[in-house]
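# Coordinate inspection notes
Chain by chain, the residues:
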Amino acid sequence: MALVALLAPTGCQEQPAQGPSGGPTTAPSFQPAPVSPRILLGWQYRNAISELLGNEAAQAVQPPPDTALNGFDGIGASQLALSSSAIARYESSAWLAAQAALANTSARGALLGCTPRSTMDEECLRGFLSRFGARAWRRPLTDAELTSWTALGMSAAAAAGDFYSGVEVLIAGLLQSPHFLYMVEVGVPDPSQPGRLALTGHEMATRLAFFLAGTSPDETLLAAAARGELDTAEGVRTQARRLLALPTARTALAHFFDELLQLRELSTLSKDATTFPFFTPSLAASMREETQRLLEDIVWEREGDFRDAFDSGYTFVDKQLAALYGISGAPATGFARVTLPAEEGRGGLLGHASFLSLLAHTTTTSPTLRGRFIRERLLCEPIAAPPTNIPPLPAQNPGEPPRTMRQRLQQHVSNPSCAGCHDKMDPLGLGLENFDAVGRYRTNDNDAPIDPVSTFDRSGTFSGPRQLGGLLRADDRVLRCLVRNLFRMASGHVDEAGEQVSLNQLDEAFATSGYRMKELLVELVASDAFRYARSQEVQP
């Protein structure tokens, strides 16, 4: 992407901030967001298939790709309609999953839960449907549903002369139903608050499971829903803590960081082969792994203060990253924790090669891209889209003295048409100029010495990612932005003004916990904003 694509016209104005930056000190009374069905994300869909039918079935499916909206796939999943090609992929995936599950004759008996006495064993078929359907749709099937679906399966078995053909039709049909593909939320009237809807126990079980564990609710969670234990905030907290102890919870949170920090884009990132001949897909994968390992260490292993992610003096490296960083301590295989050399100023997420590479061009750094990411993703301060008639960055002409990126940008933003947006973004990125477009430490740029001292709003001056991270960890806007981004992923919508009071309570709970992510997750799912909704307004 050309740097010029980030420049703005005369009068470039930042869009109104959403939430944390400059947010209101007081909030109106709580008003939940409207209910909205949300289709399962691709990785949630695969996990659900695996839970129901096993790994072979999960490997056979090919759900359509997810589309992000407002920064998150989950918001796109609640607002975008399915294309005809997406519907076709769900249909083919359902049949492939059913066939893969039933192809394993030694395992299908356990799946079925009974032994058919004949091709037309209706009792066995209905019993399977009752058990499997409740897991697939995350709620018990009604008697009418059981009757009609059993009739469909019996008809298919009779037509093929094979009991398992009827089972295959049922599985494939249930997996194509909106009750499986979507998190269907209707709610029930809340007797304590007229006009407000409380999610039912099974709707809560589905929300909880897919957000915290990334898959369908297990038998324990469905049983808790059936007993009404998810109707209270405390009951939700109990189940949330149980889910967070499952290995799948780590994977689910890793997906959030992949989206928030754009780590998933590393798999397709390319660099100029002449400038960075050592940049390979394997190195890019190590960059993602480093960032995820640091976050996992803070959140799950140490259960520490999440703010450490911004200015930690240690990281995790393998041999490739150790060579890139010019440090020792990497094992022959795998990753190891190492202390970062203080003199280079590397530290925290902003010192990771993942961030430094993603927010750069193929040959050069981009203080503008790095600053824009910090503004938008860490501070929740949207930057206006650039216009099309922006001037290019001044080129280095033959015979001129070498100029650093800072000097070229300073010349560029002397144009008033460019200064508005660059003044918000560039200072944050210029303080990271000691790190090139793949995250290597350097002291010169274009044969000229680098000046890495910069400023961050009114927080003061800094030099390097660790000092900037120290300023960010002390900035309340960063913590509030993190809470809102997590809520947006959990709920599948951008927070509304009526939800502000609930989000403020989450900010306070996060601080009270010592900024422990696991406690934030528990309080988020127990919050009113997660548990209540309102009816959709009917458009005239």
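Residues numbered from 1 in each chain as written. Predicted model: local features only at pLDDT ≥ 70, side-chain atom pairs only at ≥ 80, totals over all residues. Heavy atoms only, no water.

So, about the overall build of the chain. If you tally the helices and strands in the chain, you get 25 helices and 11 strands. The globule rule puts the C-alpha radius of gyration for 540 residues at 24 Å, and the 26 Å found for the chain is close to it. The dimensions of the chain, computed from C-alpha atoms along their principal axes, are 90 × 55 × 45 Å. Evaluated residue by residue, the chain yields a buried proportion of 54% over its 540 residues. Sequence-distant contacts, at least 24 apart, represent 69% of the contacts inside the chain between residues at least 6 apart. For the chain, the computed accessible surface area is about 22600 Å², with 52% contributed by carbon and sulfur atoms. Charge separation in the chain, taken as the distance between the mean sites of 47 positive and 59 negative side-chain charges, equals 2 Å. (Helix = DSSP H or I, 4+ residues; strand = E, 2+ residues; numbered from the N terminus. Rg over C-alpha atoms; globule rule 2.2 N^0.38 Å. Buried < 20%, exposed > 50% of the residue type's maximum accessible area, 1.4 Å probe, protein only. Contact = heavy atoms within 4.5 Å. Areas by Shrake-Rupley, 256 points an atom, 1.4 Å probe, with all protein chains shown as cover. Lys, Arg positive; Asp, Glu negative; His and termini not counted. Charge placed at Lys NZ, Arg CZ, Asp CG, Glu CD.)

This part covers empty space enclosed by the protein. In the structure shown here, the tally under the stated rule is 4 cavities of 30 Å³ or more. The calculated volume of the largest cavity comes to roughly 130 Å³. Along its surface, the largest cavity is lined by 13 residues, and Arg38, Gln44, Met183, Phe210 and Met489 are the ones closest to its centre. Among the secondary structure elements, those contributing two or more residues to the lining of the largest cavity are strand 1 (38–39), helix 1 (42–53), helix 3 (73–79), helix 10 (201–213) and helix 22 (476–491). Among the elements that line the lining of the largest cavity, the one with the most residues is helix 10, at 3 residues. (1 Å grid on protein atoms, 1.4 Å probe; cavity = no way out; pocket = protein on both sides within 12 Å on 5 of 7 lines; lining within 4 Å. Points joined across faces, edges and corners; volume = space filled by probe spheres on them.)

This structure, assessed with the given rule, holds 40 salt bridges. Residue aspartate 436 is joined to arginine 440 by a salt bridge in which the shortest nitrogen-to-oxygen separation is 2.8 Å. Given the relative accessible area of 7%, aspartate 436 is considered buried. Overlapping salt bridges bring together Asp297, Arg302, Asp305, Arg307, Asp308, Asp311, Arg337 and Arg473 as one network. (Salt bridge = Lys/Arg side-chain N within 4 Å of Asp/Glu carboxyl O.)

Its identity is not glycine, yet glutamine 262 carries a phi of approximately 60°, on the positive side. For cysteine 380, which is not glycine, the phi torsion reads 55° and is therefore positive. Considering the arrangement of structural elements, one finds cysteine 380 in the loop between helix 18 (367–378) and helix 19 (405–413).

We now examine helix 19. Residues spaced three or four apart along an α-helix point in a common direction, a consequence of the helix completing one turn every 3.6 residues. By the burial criterion, the buried members of helix 19 are Met405, Arg406, Arg408, Leu409 and His412. Summarising the axial view, the buried residues of helix 19 lie within an arc of 165°, below the 170-degree limit, and thus occupy one face. (Arc of directions from axis to C-beta.)

Joining two cysteines, a disulfide is a covalent bond between their sulfur atoms. Scanning all chains against the criterion turns up 2 disulfides. With its sulfur 2.0 Å from that of its partner, cysteine 380 forms a disulfide with cysteine 481. Between cysteine 380 and cysteine 481 the disulfide shows an S-S torsion of about 85°. By sign, it is right-handed. Of this pair, cysteine 380 sits in the loop between helix 18 and helix 19 while cysteine 481 sits in helix 22, and the two are 101 residues apart along the sequence. Just as cysteine 380 is buried, cysteine 481 falls in that class too. (Disulfide = S-S within 2.5 Å.)

Turning our attention to the packing of aromatic side chains. Given two aromatic rings, their pairing is described by the distance between the two centres and the angle made by the two planes. One pass over the structure, following the stated rule, counts 15 aromatic pairs. With 5.3 Å between their ring centres and 20° between their planes, phenylalanine 128 and phenylalanine 132 make a pair best called stacked. Note that phenylalanine 128 and phenylalanine 132 are positioned in helix 6 (residues 122–136) at a spacing of 4 residues, about one turn of the helix. Both residues of the pair, phenylalanine 128 and phenylalanine 132, count as buried. Where phenylalanine 257 meets phenylalanine 306, the ring centres are 5.9 Å apart and the plane angle is 10°; that geometry is what we call stacked. Residue phenylalanine 257 is found in helix 13 (residues 247–260), and its partner phenylalanine 306 is found in the loop between helix 14 (281–301) and helix 15 (308–311); the two are separated by 49 residues along the sequence. By relative accessible area, phenylalanine 257 is classed as buried at 3%. Through a chain of ring-to-ring contacts, three or more aromatic side chains come together here, namely Phe72, Phe256, Phe257, Phe306 and Phe310. Cation over ring: arginine 207 sits above phenylalanine 530, and NZ or CZ is 5.1 Å from the ring centre. The residue whose ring lies beneath arginine 377 is phenylalanine 72, and the NZ or CZ to ring-centre distance is 5.2 Å. (Phe/Tyr/Trp six-rings, centres within 6.5 Å; stacked < 30°, edge-to-face > 60°. Lys NZ or Arg CZ within 6 Å of the ring centre and 35° of its normal.)

Quick look at the side chain of glutamate 290 now. Mapped onto the secondary structure, glutamate 290 falls in helix 14. Among buried charged residues, glutamate 290 stands out as having no salt bridge; its nearest opposite-charge side chain is arginine 346, 6.4 Å away. Contacts of glutamate 290, omitting those with residues within four sequence positions, involve Thr315, Phe316, Leu321, Tyr325, Phe335, His352 and Ala353.

Axis separation between helix 6 and helix 7 (residues 143–160) bottoms out at 10 Å; the angle between their running directions is 125°. By the criterion of interaxial angle, the relationship of helix 6 to helix 7 is oblique. In the crossing of helix 6 with helix 7, the sense of the turn from one axis to the other is right-handed. Along the contact surface, helix 6 presents Glu122, Leu125, Arg126, Leu129 and Ser130, while helix 7 presents Asp143, Leu146, Thr147, Trp149, Thr150, Gly153 and Met154. A per-class count over the contact of helix 6 with helix 7 returns 5 nonpolar, 4 polar and 3 charged. (Axes fitted to C-alpha atoms, helices over the stretch in contact; angles between N-to-C directions. Parallel < 35°, antiparallel > 145°, perpendicular 65-115°, else oblique. Left-handed = near helix turned anticlockwise from the far one by under 90°. Nonpolar A, V, L, I, M, F, W, Y, C, P; charged D, E, K, R; others polar.)

With that out of the way, let us pick up the sheet that holds strand 4 (residues 197–198). Hydrogen bonding along the main chain pairs the strands of a sheet, whether they run parallel or antiparallel. In space, the 3 strands of this open sheet follow the order 3-4-11, with antiparallel pairing throughout. Every other strand in the sheet has two partners, leaving strand 3 (188–189) and strand 11 (532–533) as the edge strands with one partner each. Pairing of strand 3 with strand 4, which is carried by 2 bridges, proceeds in the antiparallel orientation. Bridge assignment links valine 188 to a residue of strand 4, and that residue is alanine 198. (Pairing = 2+ DSSP bridges.)

Mean pLDDT over the chain: 92, with 93% of residues reaching 70 or higher. The model gives residues 1–24 a pLDDT under 50, and that stretch makes 67 contacts with residues more than four places away or in other chains. (pLDDT = per-residue confidence, 0-100.)

This part takes up the side chain of serine 286. With respect to the element layout, serine 286 can be found in helix 14. Serine 286 gets classed as buried once you look at its relative accessible area, which sits at 5%. With residues near it in sequence (within four places) discarded, serine 286 still touches Asp318, Gln320, Leu321 and Phe335.

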